[in-house]
Amino acid sequence: MSYLENINSPKDIKKLNIDELNALCEEIRELMINTVSTTGGHLASNLGVVELTVALHKVFNSPVDQIVFDVGHQCYTHKILTGRKDSFCTLRKEGGISGFTRPDESEHDIFSSGHSSTSISQAIGLAKAKTLRNEKGKVVAVIGDGALTGGLAYEALNNSGYENSNLIVILNDNNMSISKNVGSMAKNLTTIRTSPKYNNFKSKLTRTLAKMPKFGQQIQRFLTAVNQRIRKRVYKNTFFEDLGFRYYGPIDGHDLDSLIDALKVAKAHNHSVLIHINTTKGRGYDFAERDPSKFHGIGEFNINTGEPISSGATFSSVFGDSLFHMAEKDTRICAVTAAMTSGTGLSRFADEFPKRFFDVGIAEQHAVTFSGGLAKNGCIPVFAVYSTFLQRSYDQLIHDVAMQGVKVIFAIDRAGFVGNDGESHQGLFDTAYLMSIPDLTVYSPTYFDELSSMLYQAVYKHDKAVAIRYPRGNQPTPPENYTYNKESYKIFGDENASRCIVTYGREFANCYDALSELEDTFIIKLNRIKPIDREVIKYTRNAEKIFFFEEGVKTGGVGECFAALLEEAGIKAEFRHIAVEDEFVKQASVCSQLKKYHLDKASVINEVNSVNG
């Protein structure tokens, strides 16, 4: 690591030549692969933008020039170059650096990130504020072609080009979703337009024409019109130019010379610029290049084989298998995802039933409304989505599904704590907003068998919208001889005990494990959390103390709804609600998060015993 060891800030790369910068890129890749193999993280996307990030910091002066990474999952090189090289080994660990940009880590991180398609909107706001406050510096938004499937990106583009002279958008096209290559002629034209010789000539010509009192302006207008016609004829796509951007591209995103030239031109422009680059996801690591989806977000893996170290069935895979087998027998069933085919367990469904599988891109709002349309005309759509991303569709859940009375099934993956992805990805908010939606039924399984059965109930026993929320990863060990018989709730222990624990989902496993070490205590396990079966309240009449343990936010959550039912029924027992308070949960292992928020087995025992007497 002869070059990397001397890089402690972006200033340190400005004195390196092209050969040295290319060597630095290879050292960064080596560090990245070695680190992510032990910490997990987003590998393929980060390997693809090493040269781009090095070029950005070579040309621009962060943080005066502000760089906004869309999603932020491709910021590893940026972190390494901005003073976090020595702490990179702590990536995604508790107390370590985040896998996304975080302003509390560095002045070079402009926004906390994690969700898609936000960068251009943020960059426009930053650029406009710089203009209003007469502050120096450019604003650069780095957005991938996948994120450009999100509607917010187009709203921003529509609002950006003509008014922001200090805005630069880098469109990273890694062949995941964007349009065809515009051809060799366009590449050659871009090479000419971004070359230093051409731009020096153009600047001299402009200055010369400005000195000609009679004909200078007329000649300049004529040359500008010719320039525009040539660009339109060659690029054959004036979308970005029509929105007010000066378009350059496509450019080889792994060619540092070309990147640096293009960025210098963009920096010198007094106009909004969009630079279109082509990159390869997983660049420099053969396994990731061949299967970038597998290495998009990966846990620990063997560097020599590329195989994940952990294995076994997960809630995602069980959901996918269950839906697949149901779809084999029922052609009405459709699967919908928002660019998360593999992550939500739908790969097999996509392969076997391509006409009934719909990946709508990173467009959760559209996915919900589109599913409503499928349902209206007789299909049974199942939208598989991470809890954190369903947040983006709250209005559509209300207006386009629940209010319409159509049956859409929401398979909500990664509910509850998700561990090392941190604040932006925790699945802790869905219960609070789902509880507020009329005519929506919500299930929360603890075990694989429950998930499969609840999915069957949602498809065949309900005629309106249903959500099933389940955690990430493997199932906990079920109680001996336990079977789910489609009950809305289940009682464990002596219902006449004076202390009652109420819970649902994954948290039930911790409460059940604690039960054997608690005296005079029983558990109410809620299988259906909305609507809560009012009959369950009768089991609390003899309880003196009721504890509601919830792996979700306290405000508006299931526990508050349960407390309201107790109040309506006149139950006078002491009520304690243990859940996530008014805060964002930082990265750590799930076990550590459960412990911190008093939801692990030991904490359940301590909470219940702390109010004895």
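Positions within a chain are numbered from 1, following the residues in the order the chain's sequence is written. It should be noted that, the model being predicted, local features are given only for residues of pLDDT at least 70 and side-chain atom pairs only at 80 or more, the latter also being counted only at that level, while totals for whole chains, interfaces and linings use all residues. The side-chain numbers reported here are obtained from all heavy atoms of the structure, hydrogens and water having been left aside.

### Describing the overall build of the protein
Then step 1. Strands here mean DSSP runs of E at least two residues long; helices mean DSSP runs of H or I at least four residues long; both are numbered from the N terminus. The helix and strand inventory of the protein stands at 23 helices and 17 strands.
Then step 2. Across the 613 residues that make up the protein, the buried fraction comes to 56%.
Then step 3. Taking the intrachain contacts of the protein between residues at least 6 apart in sequence as the baseline, contacts between residues at least 24 apart amount to 75%.
Then step 4. Working note: accessible area of the protein is about 26,600 Å², and carbon and sulfur atoms make up 49% of it. Only protein chains enter the calculation, and the probe is 1.4 Å; a residue is then buried if its accessible area is under 20% of its type maximum, exposed if over 50%, and partly exposed in between. The criterion used for residue contact is that any of the two residues' heavy atoms lie within 4.5 Å. The Shrake-Rupley method, run with a 1.4 Å probe, gives the accessible areas here. Residue values count only the displayed protein chains as cover.

### So, helix α13 (residues 315–329)
Then step 1. In this model, α13 (15 residues) spans 22 Å end to end at C-alpha, consistent with the 21 Å of a helix rising 1.5 Å per residue.
Then step 2. Listing the buried residues of α13 in full gives Phe315, Ser316, Val318, Phe319, Gly320, Ser322, Leu323, Phe324, Met326 and Ala327.
Then step 3. For α13, the elements touching its buried residues are β6 (333–337), α14 (347–352), β8 (380–386), β9 (409–413) and α19 (448–460). Expected span of a helix: the number of residues minus one, times 1.5 Å.

### Some details on the sheet that holds strand β17 (residues 574–580)
Then step 1. With respect to topology, 5 strands assemble into an open sheet ordered β12-β14-β13-β16-β17, the strand pairing being mixed. Each edge of the open sheet is held by one strand with a lone partner, namely β12 (489–492) and β17. Along the sheet, successive strands turn relative to each other by an average axial angle of 20°, direction set aside. Only strands joined by at least two bridges in the DSSP assignment are considered to pair. Lines are fitted to the C-alpha atoms to define the axes, a helix being fitted only along its stretch in contact, and any angle between axes, read from their N-to-C directions, falls within 0 to 180 degrees.

### A closer look at the pairing of β6
Then step 1. Taking burial as the measure, the 5 residues of β6 include 5 buried ones, the bulk of the element.
Then step 2. Burial of β6 is two-sided: the residues Ile333, Ala335 and Thr337 facing one way and the residues Cys334 and Val336 facing the other way are all buried.
Then step 3. Taken together, the 5 bridges between β6 and β8 define a ladder with parallel strand orientation. Paired with valine 336 across the two strands is phenylalanine 383, which belongs to β8.
Then step 4. Looking at chain direction, β6 and strand β7 (residues 357–359) are connected through 3 bridges and run parallel. For alanine 335, the partnering residue across the bridge sits in β7 and is phenylalanine 357.
Then step 5. The path from the first strand over the helix to the second decides the hand: if it runs clockwise while the strands point away from the viewer, the crossover is right-handed. In the classification by handedness, the crossover that spans β6, the intervening α14 and the parallel β7 is right-handed.

### Description of helix α1 (residues 18–39)
Then step 1. Between its first and last C-alpha atoms α1 spans 31 Å; for 22 residues at 1.5 Å apiece the expected length is 32 Å, and the two agree.
Then step 2. Backbone nitrogen of aspartate 19 and a side-chain oxygen of the N-cap are separated by 3.1 Å at the start of α1; the cap is asparagine 17.
Then step 3. Phi for glycine 40, located one or two positions after α1, is positive at around 75°. N or O atoms within 3.5 Å of each other form a polar contact, as long as, within protein, one can give a hydrogen and the other can take it, and as long as residues adjacent in sequence are counted only when both atoms are side-chain atoms.

### Side note on empty space enclosed by the protein
Then step 1. Cavity: a set of points on a 1 Å grid over the protein atoms alone where a 1.4 Å probe fits but cannot get out. Pocket: an open set with protein on both sides within 12 Å along at least five of seven lines, its lining residues, like those of a cavity, having an atom within 4 Å of a point. Grid points are joined across faces, edges and corners, and a volume is the space filled by probe spheres set on the points. Under the definition given, this model contains 1 cavity of 30 Å³ or more.
Then step 2. Counted as a void, the largest cavity has a volume near 90 Å³.
Then step 3. In this structure, the largest cavity is lined by 13 residues; those nearest its centre are Ser444, Arg469, Gly505, Arg506 and Glu551.
Then step 4. Of the residues in the lining of the largest cavity, the class split is 5 nonpolar, 3 polar and 5 charged. Three classes are used: nonpolar for Ala, Val, Leu, Ile, Met, Phe, Trp, Tyr, Cys and Pro, charged for Asp, Glu, Lys and Arg, and polar for all others, with Gly counted as polar.

### Thoughts on the sheet that holds strand β11 (residues 466–469)
Then step 1. Taken together, the 7 strands give an open sheet; going across it, the order is β7-β6-β8-β9-β11-β10-β15, and neighbouring strands pair in mixed fashion. For this open sheet the edge positions go to β7 and β15 (528–530), each flanked by a neighbour on one side alone. Across the sheet, the mean angle from the axis of one strand to that of its neighbour is 20°, orientation sign disregarded.
Then step 2. Relative to β11, β9 runs parallel, the two being bridged by 4 bridges. Within β11, the residue paired with phenylalanine 410 across the bridge is alanine 467.

### Considerations on a negative patch on the surface
Then step 1. In this scheme, patches are assembled from residues that exceed 30% relative accessible area and form no salt bridge. Like charges are connected within 9 Å, while nonpolar side chains (Val, Leu, Ile, Met, Phe, Trp, Tyr) are connected within 5 Å. Whenever Lys or Arg places a side-chain nitrogen within 4 Å of a carboxyl oxygen from Asp or Glu, that contact is recorded as a salt bridge. A residue counts as positive if it is Lys or Arg and as negative if it is Asp or Glu; His and the chain ends are not included. Taken as the charge centre is NZ of Lys, CZ of Arg, CG of Asp or CD of Glu, depending on the residue. Negative charge collects at one region of the surface, where Asp494, Glu495, Glu519, Asp520 and Glu544 lie side by side.
Then step 2. Mapped onto the secondary structure, glutamate 519 falls in the loop between α20 (507–515) and β14 (521–526).
Then step 3. According to the relative accessible area criterion, glutamate 519 is exposed, its value standing at 65%.

### Looking at the nonpolar core
Then step 1. The definition of a nonpolar core used throughout is a set of buried Ala, Val, Leu, Ile, Met, Phe, Trp, Tyr and Cys residues joined through side-chain atoms within 4.5 Å. Residues Phe319, Leu323, Phe349, Ile468, Ile501 and Phe549 are the most contacted members of the largest nonpolar core, which totals 55 residues.
Then step 2. The biggest single contributor to this core is α13, with 7 residues.
Then step 3. Apart from the residues lying within four places of it in its own chain, the contact partners of phenylalanine 549 are Ile501, Val502, Thr503, Tyr504, Glu507, Cys511, Ile578, His598, Leu599, Val604, Glu607 and Val608.
Then step 4. Residues Leu4, Ile33, Val49 and Val50 belong to the second largest nonpolar core, which totals 53 residues.

### Focus: the packing of aromatic side chains
Then step 1. Any two rings among Phe, Tyr and Trp, with Trp reduced to its six-membered ring, count as a pair given centres within 6.5 Å; such a pair is stacked if its planes are under 30 degrees apart, edge-to-face if over 60, and tilted if neither. Across all of its chains, the model carries 27 aromatic pairs by this definition.
Then step 2. Taking 5.5 Å as the distance between ring centres and 65° as the angle between the ring planes, the aromatic pair formed by tyrosine 285 and phenylalanine 287 counts as edge-to-face.
Then step 3. Given the relative accessible area of 6%, tyrosine 285 is considered buried.
Then step 4. Looking at phenylalanine 287, the relative accessible area reads 25%, which means it is partly exposed.
Then step 5. On the numbers, 5.4 Å between centres and 90° between planes, the contact of phenylalanine 295 with phenylalanine 301 is edge-to-face. Neither phenylalanine 295 nor phenylalanine 301 differs from the other in exposure class; each is buried.
Then step 6. The positively charged end of arginine 356 is found above the aromatic ring belonging to phenylalanine 353, 4.5 Å away from the centroid. In our convention, an over-ring charge means Lys NZ or Arg CZ found within 6 Å of a ring centre and within 35 degrees of that ring's normal.

### Structural notes on the packing of α13 against α19
Then step 1. Contact geometry for α13 and α19: axes closest at 10 Å, N-to-C directions at 40°. Judged by the angle between their axes, α13 and α19 are oblique. Judged by the sense of rotation from one axis to the other, the crossing of α13 with α19 is right-handed. Between α13 and α19, the contacting residues are Phe315, Val318, Phe319, Ser322, Leu323 and Met326 on the first element and Phe448, Leu451, Ser452, Leu455, Tyr456, Val459 and Tyr460 on the second.
Then step 2. Here the residues of the contact of α13 with α19 sort into 11 nonpolar, 2 polar and no charged. Our angle categories are set so that under 35 degrees counts as roughly parallel, over 145 as roughly antiparallel, 65 to 115 as roughly perpendicular, and the remainder as oblique. For a crossing to be left-handed, the near helix must be turned anticlockwise from the far one by less than a right angle; the clockwise case is right-handed.

### A word on the pairing of strand β13 (residues 499–504)
Then step 1. In terms of residue burial, β13 counts as a mostly covered element, since 6 of its 6 residues are buried.
Then step 2. Across the two faces of β13 the burial is the same, with Arg499, Ile501 and Thr503 and Cys500, Val502 and Tyr504 all buried.
Then step 3. As paired elements, β13 and β14 share 6 bridges and run parallel to each other. In the strand pairing of β14, threonine 503 is matched with lysine 525.
Then step 4. With α20 bridging β13 and the parallel β14, this β-α-β connection has right-handed handedness.
Then step 5. Both β13 and strand β16 (residues 545–553) contribute to a ladder of 4 bridges, which runs parallel. Paired with valine 502 across the bridge in β16 is phenylalanine 548.

### Regarding the pattern of salt bridges
Then step 1. Taken as a whole and judged by the stated rule, the model has 25 salt bridges.
Then step 2. A salt bridge links arginine 133 to glutamate 135, with the shortest nitrogen-to-oxygen separation between them at 3.1 Å.
Then step 3. Overall, the relative accessible area of 39% leaves glutamate 135 in the partly exposed class.
Then step 4. Three or more residues are tied together by salt bridges with common partners; here these are Lys79, Arg84, Glu105 and Asp109.

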